[in-house]
Amino acid sequence: MDPTSSSKTLLHSIKPMPFVILNRIFAVIYTIALLCLFYHHVTQLSKSTTSSSFLVSISMFIADLLLGFMWITCQAFRLRPVTRQVFPENLEKIIKTSDDGSVAEDFPAALDIFICTADPEKEPPINVVNTALSMLAYDYPPEKLSVYVSDDGGSELTLFAFMRAAKFGAHWLAFCRENKVMDRCPDVFFRSNNYHPIKSDQSQKIKIMYDNMRNRIQNATKSTKVEEYINESEHEAFSKWTDDFTRENHPAVIQVLLESNKDKDVTGHPMPNLVYVSREKRRTSPHHFKAGALNTLIRVSAIMTNAPIILTQDCDMFSNDPRTPYNVQCYFMDTSIQPTLAYIQFPQCFHGLNKNDIYSSEMKRWFIMNPRGMDGVLGPDNMGSGSFFMRRAFFGGPSSSSFIDPRMPQLSPLYHNVSKSTSIRSENILELADIVAGCDFEKQTKWGSEVGFRYGSLVEDYFTGYRLHSLGWKSIFCNPQRPAFLGDVPNSLFDVVNQHKRWCVGLLEVLFSKFSPLTFGMQTLGPIESLCYASYAFSPMWSFPITLYSFIPQLALLNNHWIFPKVSSIWFLVYVFLFLGSYIQDSLEFMLAQGTFARWWNEQRIWSIRGFTSYLFGSLEYLLKILNFSTHGFNVTNKVVDDEQSKRYHQGIFDFGPPSSFSSFMMFLPLATAAVVNFVAFFGSLMQIFKGSLSGDINFNVDGGFLQLFLCGFGVLNCLPVYEAMVMRNDKGRMPLLTTICSICLAWGLCLAT
Ligand SMILES: O=c1ccn([C@@H]2O[C@H](COP(=O)(O)OP(=O)(O)O[C@H]3O[C@H](CO)[C@@H](O)[C@H](O)[C@H]3O)[C@@H](O)[C@H]2O)c(=O)[nH]1
Ligand SMILES: [Mn+2]
């Protein structure tokens, strides 16, 4: 089935993005300007007379070298960006025209969906349930659909919530099918305007049922005592929760909540499988966070259903389009790409962003623009959520000679004969599932190193995608108009920077491993794709140039020391071109990708804030870890919405997080100090100019100091929300008072010391 053979049966198309030629020309000119800049730096260095001016020159040279290096890695995304489209309406035709009856029977392929949750406090069970319901209700043959929930929190509450969800699901699935509901996440549906037009008795009833379920789950969550909420027959399911059961130490719990062959919805239609899995945990065995959880699900699902396609999903990422699994068949059914296709990646999209996206949570560059760039090469990196994997890709390279046999035949992706007549509730299946969910199962095996999700990095998604590409697998980026999935965004800057800090640690783990993108990547992926991966892996390095550029020119300015070329010098133009060139190109690209100017502005602001927070502390944390001073874990992002916090978020007011915690004090100290230094340097110099022009005795040389003054002004503009949070606010989200005081002292010290 060649998708290009005839337009009638075209399943998907690929198109290069416009402006690629312009980008390339611009890249050449920019490179020349960079070389000029480096030449200028070298001459400046040789001219420096004092040790302090040498120190300043060399620091700025290093900053620019790093910026130049990062700029080069980023160009890789601009060389071959593509967009794609699918034509699911042609799938039927292809199935009908195929002579081989087996295609029709195998179509669409069975799908196992993995939803991970890890902490009932940070990830409220009712939200996880909503995510699962939105996928149980997919427009997909229910006998081919299975949802596996991994609960790393080992929480009775989560199991309880899913038992309720299974009951409610019998109504919800039928309701969605009959009313062709688009928003199949119940919570979204009942909030949306689409709910109101279906003002039938039926819709009122289902709303009441949903509210009942939600209230029961939320009450149970509040009381943390599940026993009071369950009936006799349900006690059995909770029997593993004995007194010594803790989150870090407990046996595997596997509960089949819905079984496709047996359980029917209220209209008698079969329902998908729904399985709750909490893998065994012991303090003596490393559990490898989410990657470990996913590998357990790969095995448990192999025993039960062994679908050839796997969808991995974070617990807050609900489905926004019931046709998604059907639509991706356009790629899976294309035999010209399928043999090397490891995964299809959907972008992470979010709901509830505030108007100008103050924390740049949309992450347009990471989640939409960059993946398009990689899609034209070997394919996008993996983003953890919204990825449809071929199960086979977890077992060695695409060629049959590089297939890694998991030894236990039931775990093999080639073993599709999971008997349809054996119940997944049968004793021998559950026993086997218990074994493969055990914490010792992976010992002395290739799980985590060559099989399944790869261990060794806190960004297991990025690392696994990267390793798959290096084995010869490809991936595809699928970005439909209507987002396929929508997730939550953190509502405070503290949560945002902490999330990035975790990513930063994970990226450094890859960068300094034997799989570093610049060495291993270059050999296995070729230059463009490996530069893309390198661009992420090196991103913590932004911290250096951002810090140097936020302190040195400012402190020098306060000392009337000019470090950039004069306005009247030809080198001035080089600086202006390099600065404006990259900022303007960046903003244009952002706006062409359906962004607004205000959102772009916030993006560049958050980028520089990350330089003082996530990147800085992430690098420190990584350093402490390799020196064996600390062990860090996967700090799950908080998904609970605090009303006050959410109100501030929607008003566009920065929230600096828990006011009295040591970690928020430390986290924002460098940022606050930089803000004060820029403020003092900018307004101090303006005062000098003002006084000078009054007295006629001009000692501030605008010709020499213009670029520094401009940089301070830019810094001040970017720091406006920081000043506001330091001195003008009284709410809980303000800058911690201690941080404000200490940052002023530190800034003062810095000014005195230079
Ligand atoms: O030990 C753990 C830790 C986390 N999770 C789950 O992993 C998912 C992602 O965690 P979250 O705290 O939401 O992290 P984010 O930073 O928002 O996640 C991004 O970054 C992660 C890598 O750091 C990827 O795994 C995610 O897919 C990607 O969305 C959630 O469903 C968690 O429940 C586990 O199952 N086990
Ligand atoms: Mn998340």
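For the protein, an unreviewed UniProt entry supplies the name OLC1v1018734C1 and the organism Oldenlandia corymbosa var. corymbosa. UniProt's Subcellular location (unreviewed entry) comment on the protein is quoted here verbatim: "Endomembrane system".

Trainee: Explanation requested: the overall build of the protein in the structure shown.
Mentor: The secondary structure content of the protein amounts to 27 helices and 12 strands. For 754 residues, the compact-globule estimate of 2.2 N^0.38 gives 27 Å, and the protein sits close to it at 28 Å. Taken over the C-alpha atoms alone, the protein extends approximately 95 × 60 × 55 Å along its principal axes. Considering only contacts within the protein whose residues lie at least 6 apart along the sequence, 82% involve residues at least 24 apart.

Trainee: Is there a simple way to think about the sheet that holds strand β3 (residues 111-117) in this case?
Mentor: Hydrogen bonds along the backbone pair up the strands of a sheet, which may run parallel or antiparallel. Here we have eight strands laid out as an open sheet, ordered β5-β6-β4-β3-β7-β10-β9-β11, and mixed in their pairing. A strand with exactly one partner marks an edge of an open sheet, and here the two such strands are β5 (253-258) and β11 (474-477). Averaged over neighbouring strand pairs, the angle between their axes works out to 20° when direction is ignored. In this structure, strand β4 (residues 145-151) lies alongside strand β6 (residues 273-278), joined through five bridges in parallel fashion. Each bridged residue has a counterpart across the sheet, and for serine 150 the counterpart in β6 is valine 277.

Trainee: What exactly am I supposed to notice about the nonpolar core here?
Mentor: Generally speaking, soluble globular proteins have nonpolar side chains that are buried together. Among the nonpolar cores identified, the biggest contains 189 residues, and Ala132, Phe162 and Val300 are the most heavily contacted of them. Among the elements that line this core, the one with the most residues is helix α6 (residues 156-179), at 14 residues. Both domain 1 (110-320 + 405-445) and domain 2 (517-753) contribute no fewer than three residues apiece to this core. Non-local contacts of alanine 132, meaning those with residues more than four positions away in its chain, are made with Ile115, Val147, Val149 and Ala165.

Trainee: How should the UniProt feature "binding site: UDP-alpha-D-glucose" (unreviewed entry) in the protein be read in this particular structure?
Mentor: As recorded in UniProt, the feature "binding site: UDP-alpha-D-glucose" (unreviewed entry) lies at Lys122, Glu123 and Asp152. These annotated residues cover 31 residues of sequence, and their C-alpha atoms all fall within 12.3 Å of one another, placing them together at a single site. With respect to the element layout, lysine 122 can be found in the loop between β3 and α5 (125-136). Take lysine 122: there are 16 C-beta atoms within 10 Å of it, and that puts it in the partly exposed class. Among residues more than four places away in sequence, those in contact with lysine 122 are Val636, Asn638, Lys639 and Val640. Positionally, aspartate 152 belongs in the loop between β4 and α6. Every residue in contact with aspartate 152, bar those within four places of it in the chain, is listed here: Cys116, Thr117, Ala118 and Ala293.

Trainee: Where do I start with the pairing of β4 in this structure?
Mentor: Successive residues of a regular strand alternate their side chains across the two faces of the sheet. By the criterion of burial, β4 is predominantly enclosed, with seven of the seven residues buried. By the alternation rule, side chains of β4 split into Leu145, Val147, Val149 and Asp151 and Ser146, Tyr148 and Ser150, which are all buried. Sheet topology note: the β3/β4 ladder contains seven bridges and is parallel. Note on β4: the bridge partner recorded for aspartate 112 is serine 146. As for the winding sense of the linkage, the β-α-β connection from β3 through α5 to β4 is right-handed.

Trainee: Whenever I open this one, helix α14 (residues 427-436) confuses me. Can you help?
Mentor: Helical periodicity: at 3.6 residues per turn, an α-helix aligns residues three or four positions apart in one direction. Residues Ile429, Ala433 and Val436 constitute the buried set of α14. Angular distribution of buried residues about the axis of α14 spans 65°; they occupy a single face of the element. In α14, the exposed residues that point more than 90 degrees away from the buried face are Glu427, Asn428 and Glu431. At its buried positions, α14 is contacted by β5 and α10 (289-304).

Trainee: Even after reading the chapter, I still don't get the packing of helix α2 (residues 51-79) against helix α19 (residues 543-558), so can you show me in this structure?
Mentor: The packing of two helices is summarised by the inter-axis angle and the distance between the axes. α19 packs onto α2 with a crossing angle of 145° between their chain directions and a minimal axis gap of 9 Å. As for the relative orientation of α2 and α19, their crossing is left-handed in sense. Between α2 and α19, the contacting residues are Val56, Ser59, Met60, Ala63, Leu66 and Leu67 on the first element and Phe544, Pro545, Leu548, Tyr549, Ile552 and Ala556 on the second.

Trainee: Help me out: how do you make sense of the UniProt feature "transmembrane region" (unreviewed entry) in the protein in this one?
Mentor: With numbering matched to this structure, UniProt assigns "transmembrane region" (unreviewed entry) to residues 21-42, 54-74, 563-584, 665-686 and 706-723. Annotated as 100% helix and 0% strand, the span residues 21-42 places its first and last C-alpha atoms 32 Å apart. Along residues 54-74 the backbone is 100% helical and 0% strand, and the end-to-end C-alpha distance reaches 30 Å.

Trainee: Got a minute to help me understand the site of ligand 1 in this structure?
Mentor: Not every one of the 25 residues close to ligand 1 is listed here, only the nearest: Cys116, Ala118, Phe289, Gly384 and Thr637. Elements represented by at least two residues in the shell around ligand 1 include exactly β3, α10, α15 (460-470) and α16 (493-511). Grouping the amino acids of the shell around ligand 1 by side-chain chemistry returns 10 nonpolar, eight polar and seven charged. There are two domains that each give the shell around ligand 1 at least three residues, and those are domain 1 (110-320 + 405-445) and domain 2 (517-753).

Trainee: Looking at this structure, how should I read α2?
Mentor: In this model, α2 (29 residues) spans 42 Å end to end at C-alpha, consistent with the 42 Å of a helix rising 1.5 Å per residue. Turning to α2, its buried residues are Val56, Ser57, Met60, Asp64, Leu67, Thr73, Ala76, Phe77 and Arg78. For α2, the elements touching its buried residues are α1 (20-47), α13 (364-375), α18 (527-537) and α19.

Trainee: Is there a simple way to explain unusual backbone geometry in this structure?
Mentor: The phi dihedral of phenylalanine 19 falls on the positive side, at around 70°, and the residue is not glycine. Not every positive phi belongs to a glycine, and arginine 407 is a case in point at roughly 70°. Looking at the element boundaries, arginine 407 is found in the loop between β10 (387-390) and α14.

Trainee: What am I meant to see in the confidence of the model for the protein here?
Mentor: Low-confidence regions, as indicated by low pLDDT, have predicted coordinates that should not be scrutinised in detail. Mean pLDDT over the protein stands at 93; residues scoring 70 or higher make up 96%. Every residue in residues 1-5 scores below 50 in pLDDT, and together they form 11 contacts with partners more than four places removed in sequence or on other chains. Among the scores for the predicted complex, ipTM is 0.99 and pTM is 0.95.

Trainee: Can you walk me through the domain arrangement of the protein in this structure?
Mentor: Quoted interface sizes are often the accessible area lost when the parts come together. Once the domains are mapped, the protein shows domain 1 (110-320 + 405-445) and domain 2 (517-753). Between domain 1 and domain 2, the residue contacts involve nine residues of the former and six residues of the latter. Of the residues contributing to the side of domain 1 that touches domain 2, the split by class is three nonpolar, one polar and five charged.

Trainee: Please clarify how the environment of proline 81 should be interpreted in this entry.
Mentor: Mapping proline 81 onto the fold places it in the loop between α2 and β2 (82-86). Leave out the neighbours within four places in its chain, and proline 81 touches Met17, Val20, Arg372, Gly373 and Gly376.

About the criteria used
- Residues numbered from 1 in each chain as written.
- Chains lettered and ligands numbered in written order.
- Predicted model: local features only at pLDDT ≥ 70, side-chain atom pairs only at ≥ 80, totals over all residues.
- UniProt positions renumbered as here; feature names shortened; annotations may be inferred.
- Helix = DSSP H or I, 4+ residues; strand = E, 2+ residues; numbered from the N terminus.
- Rg over C-alpha atoms; globule rule 2.2 N^0.38 Å.
- Contact = placed C-beta atoms within 7 Å.
- Pairing = 2+ DSSP bridges.
- Axes fitted to C-alpha atoms, helices over the stretch in contact; angles between N-to-C directions.
- Core = buried A, V, L, I, M, F, W, Y, C linked by C-beta atoms within 7 Å.
- Buried ≥ 20, exposed ≤ 12 C-beta atoms within 10 Å, placed from the backbone.
- Domains from an automatic or database assignment.
- Right-handed = clockwise from strand over helix to strand, strands pointing away.
- Arc of directions from axis to C-beta.
- Left-handed = near helix turned anticlockwise from the far one by under 90°.
- Near = placed C-beta within 6 Å.
- Nonpolar A, V, L, I, M, F, W, Y, C, P; charged D, E, K, R; others polar.
- Expected span 1.5 Å × (residues − 1).
- pLDDT = per-residue confidence, 0-100.

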